[in-house]
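Listed below are the residues making up each chain.
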Amino acid sequence: MPTADIPVIRLQGVTKVYSPGENAVHALAGVDLEIRRGELVAIMGASGSGKSTMMNILGCLDTPTAGRYELDGIDITGLTKNALADLRSLKIGFVFQGFNLLARTTALENVELPLLYDRAGRFAPAASPAPEALRRVGLGERMHHVPSQLSGGQQQRVAIARALVTNPSLILADEPTGNLDSHTSLEIMALFQELNAQGITIVLVTHEPDIAAHAHRVIEMRDGHIVRDARVDAPLDAAAELAQLQVAS
Amino acid sequence: MKASALVRIATQSILRNKMRTLLTMLGIVIGVAAVIVMVAVGQGAQANIEAQIRGLGTNMLMVMAGSSSQGGVSQGAATFNRLTIEDAEKLEREATLLAAVSPVVFSRGQIIGGAGNWRTAIIGAAPNYQTIRDWPVDSGSFFSAADLRSVRRVTVLGRTVANALFPDADPVGQQIRVRNVPFTVIGVLTAKGQTAGGNDQDDTILIPYTTARAYLSGHFRIGQIIASTFSPGDIPAAQQEIRAIMRESHRIPDGDDDDFTIRNQDDIAAAAQGTTRVMSLLLAAIASISLLVGGIGIMNIMLVSVTERTREIGIRMAIGARGSDVMAQFLVESIVISLVGGLIGLALGFASGVLLAHLTGWAVAMSPQAALIAIAFSAAVGVFFGFYPARKAAALDPIQALRYE
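1. Topic: the overall build of chain B
Secondary structure assignment for chain B yields 13 helices and 12 strands. Based on the C-alpha atoms only, the size of chain B along its principal axes is roughly 105 × 60 × 35 Å. The buried share of chain B, taken over its 405 residues, is 47%. Carbon and sulfur atoms form 60% of the exposed surface of chain B, whose accessible area is close to 19000 Å².

Okay, structure coming up:
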């Protein structure tokens, strides 16, 4: 069992080179990083800064060209595709910009999807954790709606419930508010903050400073390097902002 | 991943594209139905022929004029009329394994009587002919040994001839003229139906062979000698015995070939079945081609489906699906399509087989084996043609797949 001492993420000299040879692209050029349990981290950067590559490697969708990546103390170097898939199933929950829900499939079925691939057998079929996950994101009443019957914010909540359902060590959110208006974005950020307060480690990738301002720690990337890694002393409280907006209107 | 979950996912995604799935299935439905009907027709024909060959008689052997050779030059089959009444009489006298022997004298001629006239086959035979062919009479009686000895002008009519000349009355006791020679009808045979070759066995009249020789000469030829053994087990030994007696009767020196041929019912059956087997194989092969085309249709649709659902594959992989999970998902989908298509095709095939039998009067034999094979075959089609698209899906890179628009 991983203890609190072991960081959820530890990168040591991680390099990612695409199309090696003369036109080699160094998407990541020797990145060192540690993220501890319970953190809410925002990774910022312009396009081409390497943040997407970072996201793919953190999510075990891709492996570094060089360097070492430990997820929950497990070194992923040299793992097979199948072992990476198992690790994703066990440790990681994904939230995407475009929600990426299965169309014409109810919210409940979408949330149950990761349970199909749970090889560890952590969940008894009789006691599906999916309804509880939907209640945690405030969609207990809409379990049997299909994505086309849900608003963008609600769809993203379903996606967050899907990420939560396997009780992962880490939730990776790639531009989670990119397709949402500012009010809904605040709602989603409030949800992330609430989940983080319950102890869930969350890494957000975003290019919007407004969104990043809700994190406890902001990492800025440029040209494959980390150029800034700063703790935010007073992160914005999304729930409070929403309450203010309500009063104002 | 559990099999039940796989089937559920496959069914869900199939139901999402009802029309497309239905059209894809149609190829398999038609293929399986065609195979079922064709095999049923082929097997029906085979069963029919078997029944007809059994109908020839019981434990029957046939001796036919065979090839003769003169100075080593073969003259081909039935070159000379080498069968004689004496051969038949010698067999009757000397053979120990034969229950009955009868020469068969065959000619055609016009007969007149009752309602009109009729051209038919005239068979001259011994009274034993009835035993060998296992052919009872409807009314009257078959001619007797006394009729044969006394060269009486008596005849037994086949059902077709009786119906043609005497549609309303019992012909027994009536006079008919056979090639202008008057005969008395003493019996009518039961209907025996068609031969494998489509000849009406009932379109014939039977007369004693002595009478045929005396009154209808000019065309007198013994086409064959038929005989029957006491039991089926005696047939091989009886064949040897006939051969020995015939060689003696024809005075064939040792080392020379027989100038006659002996056939038993199994030989005849084998020849007839060989033909129908080739025919039914051919039919089934043609039908299988449509199954193959149906399979290609499935592969086509599965490839489209994989491309369409690239993003879904990416999502599934991101949340922990292995390549093998994705592969299983698509493979099960194509198997479900082809298996359901196979079941519908099976039902359709059976229904059309019954309808065909009803409309055409053909013998149609539905066998459970054919059904099982059709189902197994359609599942195999699903695996075979689903494999390539499923492998393509499993090989997708999750990052690329997630970005796919």
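2. Points about a nonpolar patch on the surface
Judged by side-chain polarity, M19, L23, L26 and I30 of chain B come together as a nonpolar surface patch covering roughly 420 Å² of accessible area. For L23 of chain B, a relative accessible area of 53% gives the class exposed.

3. With respect to the sheet that holds strand β1 (residues 9–18) of chain A
Strand-to-strand pairing in sheets goes through backbone hydrogen bonds, with the strands running parallel or antiparallel. Residue and element names in this part refer to chain A. Spatially, the 4 strands line up as an open sheet ordered β2-β1-β4-β5, and their pairing is antiparallel. A single partner strand is all that each edge strand has here, and the edge strands are β2 (25–35) and β5 (74–75). Both strand β4 (residues 66–71) and β5 contribute to a ladder of 2 bridges, which runs antiparallel. Residue pairing in the sheet places L71 in a bridge with I74 of β5. Against the sheet, helix α1 (residues 51–58) contacts β1, β2 and β4, and its axis sits at roughly 120° relative to β1.

4. What about the nonpolar core?
Core analysis: the largest hydrophobic core is formed by 67 residues, its most contacted members being I9, L11, M54, L58, Y69, L71 and V203 of chain A. Counting residues per element, this core draws most heavily on helix α11 (residues 323–360) of chain B, which supplies 8 residues. Apart from residues no more than four positions distant in its own chain, Y69 of chain A is found in contact with I9, R10, L11, I57, L58, C60, I74, D75, I76 and T77 of chain A. Counting 43 residues, the second largest nonpolar core, distinct from the first, contains L40, L150, V158 and L191 of chain A.

5. A look at the interface of chain B and chain A
Taken together, the contact pairs 25 residues of chain B with 25 residues of chain A. When the area that chain B buries against chain A is broken down by residue, the three leading residues are R16, I319 and R322 of chain B, summing to 30%. At the boundary of chain B with chain A, the tally comes to 2 salt bridges. One salt bridge connects R119 of chain A with D325 of chain B, and the closest N-O pair in it is separated by 2.3 Å. The interface formed by chain B and chain A includes 8 residue pairs in polar contact (both at pLDDT 80 or more). Contributing elements (two or more residues each) for the side of chain B that touches chain A: α1 (3–16), α10 (310–318), α11 and α13 (398–403) of chain B. Ranked by the residues each element gives to the side of chain B that touches chain A, the list is headed by α10 of chain B, at 6 residues. Among the residues making up the side of chain B that touches chain A, the classes are represented as 12 nonpolar, 4 polar and 9 charged.

6. Notes on the domain arrangement of chain B
Domain parsing of chain B yields domain 1 (3–52 + 271–403) and domain 2 (81–258). The centre of domain 1 of chain B, based on its C-alpha atoms, is set 55 Å off from the matching centre of domain 2 of chain B.

7. Describing the packing of aromatic side chains
All names here are of chain B. Across all of its chains, the model carries 3 aromatic pairs over all chains by this definition. Taking the centre distance of 5.0 Å and the plane angle of 85° together, the rings of F384 and F385 count as edge-to-face. Overall, the relative accessible area of 59% leaves F384 in the exposed class. By relative accessible area, F385 is classed as buried at 7%.

8. Here's the deal with the pattern of salt bridges
This structure, assessed with the given rule, holds 26 salt bridges over all chains. Its salt-bridge partner being D86 of chain A, residue R322 of chain B comes within 2.4 Å of it at the nearest N-O pair. Pair noted here: R322 of chain B is in the loop between α10 and α11 and D86 of chain A is in helix α2 (residues 81–91), and the two residues belong to different chains. R228 of chain A serves as the salt-bridge partner of E220 of chain A, at 3.2 Å between the closest nitrogen and oxygen. Assessed through its relative accessible area of 23%, E220 of chain A is described here as partly exposed. Among the residues examined, R228 of chain A registers a relative accessible area of 39% and is labelled partly exposed. Three or more residues joined by partner-sharing salt bridges are found here, namely R10, E34, R36, R68, E70 and D75 of chain A.

Reading the values: rules and limits
Residues numbered from 1 in each chain as written. Chains lettered and ligands numbered in written order. Predicted model: local features only at pLDDT ≥ 70, side-chain atom pairs only at ≥ 80, totals over all residues. Heavy atoms only, no water. Helix = DSSP H or I, 4+ residues; strand = E, 2+ residues; numbered from the N terminus. Buried < 20%, exposed > 50% of the residue type's maximum accessible area, 1.4 Å probe, protein only. Areas by Shrake-Rupley, 256 points an atom, 1.4 Å probe, with all protein chains shown as cover. Patch = residues over 30% accessible without salt bridge, like charges linked within 9 Å, V, L, I, M, F, W, Y side chains within 5 Å. Salt bridge = Lys/Arg side-chain N within 4 Å of Asp/Glu carboxyl O. Pairing = 2+ DSSP bridges. Contact = heavy atoms within 4.5 Å. Axes fitted to C-alpha atoms, helices over the stretch in contact; angles between N-to-C directions. Core = buried A, V, L, I, M, F, W, Y, C linked by side-chain atoms within 4.5 Å. Buried area = accessible area lost by both parts, 1.4 Å probe. Polar contact = N/O pair within 3.5 Å; in protein donor to acceptor, adjacent residues only side chain to side chain. Nonpolar A, V, L, I, M, F, W, Y, C, P; charged D, E, K, R; others polar. Domains from an automatic or database assignment. Phe/Tyr/Trp six-rings, centres within 6.5 Å; stacked < 30°, edge-to-face > 60°.

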